[in-house]
Amino acid sequence: MQALAHLICEHLPLEGLCFGFVAVDAELNVFYEDSVHFDRDLPEFGTQGGVHVHKDGVTVTSPVLMWVQALDIILEKMKASGFDFSQVLALSGAGQQHGSIYWKAGASRVLTSLSPDFPLHQQLQACFSISDCPVWMDSSTTTQCRQLEAAVGGAQALSCLTGSRAYERFTGNQIAKIYQQNPEAYSHTERISLVSSFAASLFLGAYSPIDFSDGSGMNLLQIQDKVWSQACLAACAPHLEEKLGSPVPSCSVVGAVSSYHVQRYGFAPGCKVVAFTGDNPASLAGMRLEEGDIAVSLGTSDTLFLWLQEPMPSLEGHIFCSPVDAQHYMALLCFKNGSLMREKIRDESASHSWSEFSKALRSTEMGNGGNLGFYFDIMEITPEIIGRHRFNAENHKVSAFSKDVEVRALIEGQFMAKRIHAEGLGYRVMPKTKILATGGASHNRDILQVLADVFGAPVYVTDTANSACVGSAYRAFHGLAGGIDVPFSEVVKLASNPTLAATPSPGASQVYEALLPQYAKLEQRLLSQAQGSPE
């Protein structure tokens with residue numbers, strides 16, 4: 001019993017974008033792993049980091065046929081290695097969020113009549129009305145964002161409806177731009193897929209539906225009702241609903257693998273295809289978050305993944321339908337000033353040494369004597385503030401702290417901000433809450449101790465390499481086991497457990513329950529000043 005997962009264009013900033021596969025056995029152990037790197041392995045497409053950045057600097061696209069050819073390459077590599085496709089019972093996958101693919105009228109007939117004698121990319125060359133498609137890095141649709149928000153009553157109204165205010169990379173705004181600037185290509189399009197549902201379609205030999213979770217990153221799906229918003233569709237382009245098809249639960253079995261893959265690679269005819277989803281939702285599945293849990297990725301930017309029961313959409317962050325529980329939600333919050341800020345303060349206040357940095361955290365008390373700091377050397381997005389701002393216990397602004405106080409003010413401030421903004425989206429720490437820490441700073445136990453203290457919850461660490469791919473394999477098993485009717489946690493109970501790294505210190509909850517409102521009030525003051533409005 002095996003599940004196969006595949007990932008198209010996971011964000012790998014250090015290595016360039018790639019197309020990867022993992023195979024997982026019945027005990028949830030990864031036993032096969034491989035990838036294709038677009039720039040290195042498909043140089044004929046001329047991409048850098050898997051994309052084309054256009055002359056205006058804000059339009060960013062990827063060649064659709066490059067993705068198709070990458071699938072051909074990796075399946076041929078697996079076949080050559082002796083991989084036994086006949087043992088795969090189910091497959092699923094993940095794609096970069098927000099990107100969109102435009103299938104030309106007549107493409108469905110080609111998909112359903114593929115010849116196993118030829119690779120996919122040779123047979124699908126004429127199937128796309130747009131050959132280079134917009135991806136998540138594109139920021140060229142500001143005009144369309146403002147139009148969409150105006151059409152539904154403003155940014156907050158759009159967020160309440162779809163889980164996010166209008167973002168340039170979100171698919172609805174990209175579709176609107178294509179309709180406005182290239183109406184002929186739009187009129188010749190019979191189906192619009194997300195990257196995830198596009199990849200699933202290549203396995204199905206038919207158009208795969210968009211799943212609820214990845215569909216939440218389009219500014220088009222009503223996340224509460226899980227249907228397309230008629231107001232949003234109308235604001236973006238005509239006849240859009242029929243081009244998108246009906247969305248489905250993320251754990252749906254959308255069909256069996258096509259006869260093309262059965263004949264060319266030896267898949268079993270009964271191999272199930274479970275709806276593909278976005279890379280961020282798939283990562284949540286790969287980290288096996290449960291109700292009340294948080295994952296904190298401590299990288300160049302810090303990212304918070306939250307499991308929510310009752311979301312409260314706002315003007316910051318994103319709320320998506322959960323990829324593993326149809327009744328719940330997930331949220332994403334991104335903080336730009338992550339590891340680079342920690343490294344700067346390490347260099348300035350801890351003699352360039354993580355050991356000295358840790359010593360500073362251990363030598364200062366929880367709550368830092370009431371000294372609070374905000375450290376944003378680049379414009380932050382959560383919230384939109386720049387600069388370094390320090391406040392003493394009397395809430396008076398000061399120009400400097402001692403070195404040890406500076407270190408603790410940075411780390412406490414970063415984690416208090418995360419908790420405040422998470423709670424702003426409806427998150428609440430529960431008695432069973434676990435925090436899963438990943439990324440470079442997760443190796444520093446003293447930083448994790450502060451994280452445990454601020455949130456009042458135990459912190460665990462785990463190897464999350466390829467979490468989106470592994471999460472897709474878990475989701476394949478979930479779909480195979482019955483999806484909606486079976487708890488995801490039951491399906492993945494055999495997976496290895498994360499390692500406990502820190503538990504809250506005695507008295508931590510009292511300290512931070514008192515400090516958090518103060519920190520939130522100071523942040524609001526700084527935000528008001530930045531916006532030029534009265535405090």
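A quick note: this is a predicted structure, and the numbers were derived from the prediction, not measured. (Residues numbered from 1 in each chain as written. Predicted model: local features only at pLDDT ≥ 70, side-chain atom pairs only at ≥ 80, totals over all residues. Heavy atoms only, no water.)

Q: Before we move on, could you go through helix H2 (residues 64–80) and cite the residues and values that matter?
A: Between the first and last C-alpha of H2 there are 25 Å, a value that for 17 residues agrees with the 24 Å anticipated at 1.5 Å per step. All of the buried residues along H2 are Val-64, Met-66, Trp-67, Val-68, Gln-69, Ala-70, Leu-71, Asp-72, Ile-74, Leu-75 and Met-78. Residue Gly-82 follows H2 closely and has a positive phi angle near 90°. (Helix = DSSP H or I, 4+ residues; strand = E, 2+ residues; numbered from the N terminus. Expected span 1.5 Å × (residues − 1). Buried < 20%, exposed > 50% of the residue type's maximum accessible area, 1.4 Å probe, protein only.)

Q: So, the UniProt feature "domain: Carbohydrate kinase FGGY N-terminal" (unreviewed entry) in the protein: which residues are in play, and what are the values?
A: When the UniProt feature table is mapped to this numbering, "domain: Carbohydrate kinase FGGY N-terminal" (unreviewed entry) covers residues 132–286. The distance from the first to the last C-alpha atom of residues 132–286 is 30 Å, and the span holds 49% helix and 14% strand. (UniProt positions renumbered as here; feature names shortened; annotations may be inferred.)

Q: Tell me about the sheet that holds strand S8 (residues 132–134), and please be specific about residues and values.
A: In any sheet, the strands associate via hydrogen bonds between backbone groups, in a parallel or an antiparallel arrangement. Reading across from one edge, S4-S5-S8 is the order of the three strands in this open sheet, with antiparallel pairing throughout. The sheet is open, and its two borders are formed by strand S4 (52–53) and S8, each paired with just one other strand. Lying over the sheet, H2 contacts strand S5 (60–63) and S8, oriented at roughly 45° with respect to S5. (Pairing = 2+ DSSP bridges. Contact = heavy atoms within 4.5 Å. Axes fitted to C-alpha atoms, helices over the stretch in contact; angles between N-to-C directions.)

Q: Before we move on, could you go through the environment of Ile-74 and cite the residues and values that matter?
A: Structurally, Ile-74 is set in helix H2. Note: C-alpha distance between Ile-74 and Gln-510 (436 residues apart in sequence) is 54 Å. Residue contacts for Ile-74: discarding those within four places in its chain leaves Phe-19, Gly-20, Phe-21, Asp-34, Ser-35 and Val-36.

Q: Break down the sheet that holds strand S20 (residues 387–391) for me, with residues and values.
A: If you walk across this open sheet you meet the three strands as S19-S20-S21, and the pairing is antiparallel. Both outer strands of the open sheet, strand S19 (372–376) and strand S21 (397–398), are each paired with one neighbouring strand and no more. When S19 meets S20, the two strands line up antiparallel, connected through five bridges. Across the sheet, Phe-376 pairs through a bridge with Gly-387, a residue of S20. In the packing of helix H17 (residues 403–424) onto the sheet, contacts are made with S19 and S20, and the angle to S19 comes to roughly 80°. Seen against the sheet, helix H21 (residues 508–531) touches S19, S20 and S21 and runs at an angle of roughly 45° to S19.

Q: Describe in detail the nonpolar core, supporting the description with residues and values.
A: Taken as a class, soluble globular proteins show a tendency for nonpolar side chains to be buried jointly. Within the largest apolar cluster, 136 residues are counted, with the highest numbers of intra-cluster contacts made by Trp-103, Leu-220 and Leu-244. No other element matches the ten residues that H17 contributes to this core. Ala-3, Leu-332, Leu-436 and Cys-469 belong to the second largest nonpolar core, which has 28 residues in total. (Core = buried A, V, L, I, M, F, W, Y, C linked by side-chain atoms within 4.5 Å.)

Q: How would you explain the pattern of salt bridges if you had to name every residue and give the values?
A: All told, the structure shown has 18 salt bridges when counted by the stated rule. Notably, a salt bridge pairs Asp-34 with Lys-77, separated by 3.3 Å at the nearest N-O pair. Of this pair, Asp-34 sits in strand S3 (residues 30–37) while Lys-77 sits in helix H2, and the two are 43 residues apart along the sequence. Taking the relative accessible area as the measure of exposure, Lys-77 reaches 35% and is therefore partly exposed. A salt bridge links Lys-493 to Glu-490; the nearest nitrogen and oxygen atoms lie 2.6 Å apart. (Salt bridge = Lys/Arg side-chain N within 4 Å of Asp/Glu carboxyl O.)

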